[in-house]
Amino acid sequence: MTTAKAYIKGSAFPPLSEGTLRLYSMRLCPFAQRVRLVLAHKQINYETININLKEKPEWFLERNPSGSVPVLEKDGKIVYESVIVCQYLDDVYPQNRLTPSDPYQRAQDAILLDYYSNKYIPNFYKILRDQKDEEAKDTFKKAVQKLDEELKARGKYFGGSQVAMIDFLIWPWIERFSLVAAVFPEVVLSKSNFPRLFAWKQNMMSLPAVKGIAFDAEFHQMFFQKWLEGSAEAYDVGLEE
């Protein structure tokens, strides 16, 4: 069973069958997208329950008191927080392994992810909220340059010659890159501006896992506009009858 429209406060809990892997998600959440990418890459069968993050069902908060997605549930076992869920899936479903076997490479990927999580992601949102935040713009641009420079040593992907977990953890905000570039033209992702990151984006867009769950720039813009307005309608954008 898969739902499209989001469950809201007061909704009845959708029964969960024994042995079924369920993902509590939100259609346009980049953190949940990380998990959906891993699920798609590994070709794992699962069902999706979308959550309205403005008006969360009570039974969802019982599963994750912080109220954030993604949350994974199967046979009474619950795991949440995107990086933790992705690593859990890679351990439980070892096919198409994404985590490097080399401890040093795992450490390097963790260092890059920590930088990305602290410098790129928060400033991505700061710029969307306030286009005049020059400090956020400066830090964001440096983060984009850092990603481009990293690929010089890493290769086709951040994982090297093959896509790895670090690529899927970074990807969702690159898919949404045009939202920031539209208000901050200095960081437009082009072959001349950030050649290695631009090439990486093209490589990622050719992957079945990425193509299978991607939304286009117009759709992301529709969501973010409603999200910035604080509208509960954001979570069902595009599903209006």
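Residues numbered from 1 in each chain as written. Predicted model: local features only at pLDDT ≥ 70, side-chain atom pairs only at ≥ 80, totals over all residues. Heavy atoms only, no water.

## Considering the UniProt feature "domain: GST N-terminal" (unreviewed entry) in the chain
Here is the rule: UniProt positions are given in the numbering used here, feature names are shortened, and annotations may be inferred rather than shown by experiment. Going along the chain from the N terminus, every DSSP run of H or I of four or more residues is numbered as a helix, and every run of E of two or more is numbered as a strand.
Under the local residue numbering, the UniProt record ascribes the feature "domain: GST N-terminal" (unreviewed entry) to residues 19-97. Between the first and last C-alpha atoms of residues 19-97 the distance is 22 Å; the span itself is 38% helix and 20% strand.

## Points about unusual backbone geometry
The omega torsion across Val69 and Pro70 is 10°, close enough to zero to call that bond cis. Structurally, the position occupied by Pro70 is in the loop between α2 (58-63) and β3 (71-74). One non-glycine residue, Glu81, lies in the positive phi region at around 80°. For Asn96, which is not a glycine, the phi torsion comes out positive at approximately 50°.

## Quick word on helix α8 (residues 195-205)
Here is the rule we go by: Each residue gets one of three labels from its accessible area relative to the maximum for its type: buried under 20%, exposed over 50%, partly exposed in between, using a 1.4 Å probe on protein chains only. Within this analysis, the arc is defined by the directions that extend from the helix axis to the C-beta atoms. In what follows, residue pairs with any heavy atoms lying within 4.5 Å of each other are defined as contacts.
Along α8, the positions that sit buried rather than exposed are Leu197, Trp200 and Met204. On an axial view of α8, the arc spanned by its buried residues comes to 55°, and they lie on one face. On its buried face, α8 sits against α5 (134-154), α6 (165-175) and α9 (208-213).

## Observations regarding the pairing of strand β4 (residues 77-80)
In the case of a regular strand, side chains alternate between the two sheet surfaces. Counted only if it meets this: Only strands joined by at least two bridges in the DSSP assignment are considered to pair.
For β3 and β4, the ladder comprises 4 bridges, and the chain directions are antiparallel. Its bridge partner lying in β4, Glu73 is registered against Ile78. The turn joining β3 and β4, which pair antiparallel and follow one another in sequence, is formed by 2 residues; a positive phi near 50° is taken by Asp75.

## A few points about helix α1 (residues 30-42)
Operational definition: Expected span, for any helix, means 1.5 Å times one less than how many residues it has.
For α1, with 13 residues, the first-to-last C-alpha span of 19 Å sits near the 18 Å given by 1.5 Å per residue. Across the 13 residues of α1, 10 count as buried, placing the element largely inside the fold.

## Remarks on the packing of aromatic side chains
The cut-off we apply is this: For Phe, Tyr and Trp, where Trp contributes only its six-membered ring, two rings pair if their centres lie within 6.5 Å, and the inter-plane angle classes them as stacked under 30 degrees, edge-to-face over 60, or tilted in between.
Taken as a whole, this structure holds 20 aromatic pairs when the rule is applied. Their ring planes at 75° and their centres at 5.6 Å tell us that Tyr7 and Trp59 sit as a pair that is edge-to-face. Pair noted here: Tyr7 is in the segment before β1 (22-25) and Trp59 is in helix α2, with a separation of 52 residues, a long-range link. Trp59 shares its class with Tyr7; the two are buried.

## Considering the side chain of Asp167
Convention followed: By the counting rule applied here, Lys and Arg register as positive and Asp and Glu as negative, while His and the ends of each chain are not counted. Salt bridges are defined by distance alone: a side-chain nitrogen of Lys or Arg within 4 Å of a carboxyl oxygen of Asp or Glu.
With respect to the element layout, Asp167 can be found in helix α6. Salt bridges are absent for the buried Asp167, whose nearest opposite-charge side chain, Arg154, sits at 7.1 Å. Excluding residues that lie within four positions of it along the chain, Asp167 makes contacts with Tyr157, Phe158, Gly159, Gln162, Trp200 and Met204.

## Looking at the environment of Leu37
Inspection of the secondary structure puts Leu37 in helix α1. Considering only alpha carbons, one finds Leu37 and Tyr24, 13 residues apart in sequence, at a separation of 14 Å. Setting aside its immediate chain neighbours within four residues, Leu37 contacts Phe168, Trp171, Pro172, Ala209, Val210 and Ile213.

## Re the environment of Asn45
If you trace the backbone, Asn45 turns up in the loop between α1 and β2 (47-50). In this structure Asn45 comes out as exposed when scored by relative accessible area, which is 72%. It is 43 Å that separates the C-alpha atoms of Asn45 and Glu135, two residues lying 90 residues apart in sequence.

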